[in-house]
Amino acid sequence: MKFRFFTLGCKVNQYETQAMEQQLVALGHTAAEEGACDAYIINTCTVTAVADRKNRTLIRRLRRENPDAIVAVCGCYAQVSTDEVRALGVDVISGSGGREAFLQLLLDAVRTRDGEKRVSVDEALRRREFEALPAGGLSERTRAMLKVQDGCNNFCSYCIIPYARGPVRSLPAETAAAQAKQLAAQGYREIVITGIEIASWGWERHDGSKFVTLAETVCRAVPQVRIRLGSLEPRIVDEEFCRVLSQCGNLCPQFHLSLQSGSDTVLRRMNRKYDTARYRAVSYTHLRAHETGRNL
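Residues numbered from 1 in each chain as written. Predicted model: local features only at pLDDT ≥ 70, side-chain atom pairs only at ≥ 80, totals over all residues. Heavy atoms only, no water.

As for the pairing of strand 3 (residues 39-44)
1) Next: By the criterion of burial, strand 3 is predominantly enclosed, with six of the six residues buried.
2) Next: Because side chains alternate across strand 3, one face comprises the buried residues Ala39, Ile41 and Asn43, and the other comprises Tyr40, Ile42 and Thr44, equally buried.
3) Next: Taken together, the five bridges between strand 1 (residues 2-7) and strand 3 define a ladder with parallel strand orientation. Paired with Arg4 across the strands is Tyr40, a residue of strand 3.
4) Next: Alignment of strand 3 against strand 4 (residues 70-75), held across six bridges, turns out to be parallel. Within strand 4, the position partnered with Tyr40 by the bridge is Val71.
5) Next: Handedness of the crossover joining strand 3 and strand 4 through helix 2 (residues 49-65) is recorded here as right-handed. (Buried < 20%, exposed > 50% of the residue type's maximum accessible area, 1.4 Å probe, protein only. Helix = DSSP H or I, 4+ residues; strand = E, 2+ residues; numbered from the N terminus. Pairing = 2+ DSSP bridges. Right-handed = clockwise from strand over helix to strand, strands pointing away.)

Dropping the structure here:
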C-alpha cells in the first residue's frame, strides 16, 4: 500500500502522525509525498473554528481529487465531530486514541475495497491509560519529539480539548528515558518533550509525581542530546523547578509559558488556573535564575 499523511494542529499530532507512519512502514507499506496513493490519512485538529474549517476543506479536496482511494480521518476533530466527518464521505473514521486499531481498519479497507464505512470512536472522557506509541522524527531532521503526556483536566471555559483528548494520562519516567536513549542511538541531537498539557504529567497517580522529575530523568538519560520543553502552565515554575533543571546542562535554557490574557477578569472567565500576579512571580523566578548564573 502506498499512503500519504496530512497533519493539522499541534506537536502532539505531528508526533502521532510520525508514529503511525513508522508503524505502517514497519508493516511493509510505502510513505509518499506526491503521486497517486492507495490511502490518504488526515490527522485533524479542533482547537478553533478555523481549524475545523481547514479539516473539512482538506477532507473534501482529497475526496474529490482521489475518488478511488481510501480516505481515512483521525484526530481531535473526528473525535468530537464524528457525524460531520462521516457526512464528508470518509471511508475510515477514528478519534484521538486507538491508533493501532485505526491503522488496522485502514488496512482492512484498502485490502477489501468493499465500500463499507468503518467508524471506531470511543468516549475520550473514559480513558485512563496512556497509549504508548513509538517515538521518533522525520528521517531528514536532527530533532525528534517525545510524547510523555496526554489529556487535560483543566476544563478552561473556552477549550474543547478535555472532551477531545480525555483526562490526564502519563508515560512513566523510566519509559520516557528509555525512548530518549533510543532516539539518541538513532542519531537525533535534540528531543522536544511534548504532550497536551505536560505540566500535569503524573497528576493521575496522586503520589506527588511532578513534571520536573520527568524532565530531569530524560535529561540525565541522554546528556549528549539537547532537551527542549514544550509549552508550560505557569503554575509549575517555582524555585524547585528552576533549581533542579538548572543542573541539567543539556536542557535548552528557555521556557514557553502560556498566557492567554493579561486581564485577571478575562482569565477568571476563561477558568484559567493562574492570574497575572502568579505569572509575574513565575517570570521573576525565571529571571532571577538567569541573574544568578543558573543557566535558566
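Considering helix 7 (residues 173-185)
1) Next: In this model, helix 7 (13 residues) spans 18 Å end to end at C-alpha, consistent with the 18 Å of a helix rising 1.5 Å per residue.
2) Next: Among the residues making up helix 7, those that are buried are Ala173, Ala176, Ala177, Gln179, Ala180, Leu183 and Ala184. Seen from one end, helix 7 has its buried residues packed into an arc of 165°, which puts them on one side. Exposed residues lying more than 90 degrees from the buried face of helix 7 are Glu174 and Ala185.
3) Next: Looking at the packing, one finds that the buried side of helix 7 touches helix 1 (11-26), strand 7 (143-150), strand 9 (190-195) and helix 8 (211-221).
4) Next: Looking one or two residues beyond helix 7, the residue adopting positive phi is Gly187, at roughly 105°. (Expected span 1.5 Å × (residues − 1). Arc of directions from axis to C-beta. Contact = heavy atoms within 4.5 Å.)

A look at the sheet that holds strand 4
1) Next: The parallel open sheet is built from six strands, whose spatial order is 2-1-3-4-5-6. Taken across any chain shown, the strands that pair with only one partner, and hence form the sheet edges, are strand 2 (30-31) and strand 6 (118-120).
2) Next: With three bridges connecting them, strand 5 (residues 92-94) and strand 6 associate as parallel partners. In the sheet register, Val92 faces strand 6, and the bridge partner there is Arg118.
3) Next: The sheet strands contacting helix 1 are strand 1, strand 2, strand 3 and strand 4, and the helix crosses strand 1 at an angle near 170°.
4) Next: The strands touched by helix 5 (residues 99-112) within the sheet are strand 3, strand 4, strand 5 and strand 6, with strand 4 carrying the most contacts at an inclination of about 170°. (Axes fitted to C-alpha atoms, helices over the stretch in contact; angles between N-to-C directions.)

Quick look at the state of the cysteines
1) Next: If you walk through the whole model with that rule in mind, you get zero disulfides.
2) Next: Left without a disulfide partner, Cys156 is nearest to the cysteine sulfur of Cys159, which lies 6.0 Å away.
3) Next: By relative accessible area, Cys156 is classed as buried at 8%.
4) Next: With no disulfide of its own, Cys252 has Cys219 as its nearest cysteine by sulfur position, at a separation of 8.8 Å. (Disulfide = S-S within 2.5 Å.)

Observations regarding the packing of helix 1 against helix 5
1) Next: For the pair helix 1 and helix 5, the least separation of the axes is 11 Å and the interaxial angle reads 50°. In terms of their interaxial angle, helix 1 and helix 5 are classed as oblique. Crossing geometry of helix 1 relative to helix 5 is assigned as right-handed. Here Glu16, Met20, Gln23 and Leu24 of helix 1 come into contact with helix 5, specifically with Arg99, Glu100, Phe102, Leu103, Leu106 and Leu107. (Parallel < 35°, antiparallel > 145°, perpendicular 65-115°, else oblique. Left-handed = near helix turned anticlockwise from the far one by under 90°.)

Some points on the pairing of strand 7
1) Next: By the criterion of burial, strand 7 is predominantly enclosed, with seven of the eight residues buried.
2) Next: Here strand 7 pairs with strand 9 via six bridges, running parallel. Considered in strand 9, the bridge of Leu146 is made with Ile193.
3) Next: Note that strand 7 and strand 8 (residues 169-170) share two bridges and pair antiparallel. Bridge pairing in strand 8 places Gln149 opposite Ser170.

Overview of the pattern of salt bridges
1) Next: What the rule picks out here adds up to 25 salt bridges.
2) Next: A salt bridge links Arg126 to Glu123; its shortest N-O distance comes to 3.1 Å. Of the two residues examined, Arg126 and Glu123, each falls in the exposed class.
3) Next: With a closest N to O distance of 3.0 Å, Glu240 and Lys210 form a salt bridge. Residue Glu240 is located in helix 9 (residues 239-245), and its partner Lys210 is located in the loop between strand 9 and helix 8; the two are separated by 30 residues in the primary sequence.
4) Next: Among the ionic contacts, a cluster of salt bridges with common partners joins Glu16, Arg99, Lys147, Asp150, Arg165 and Arg169. (Salt bridge = Lys/Arg side-chain N within 4 Å of Asp/Glu carboxyl O.)

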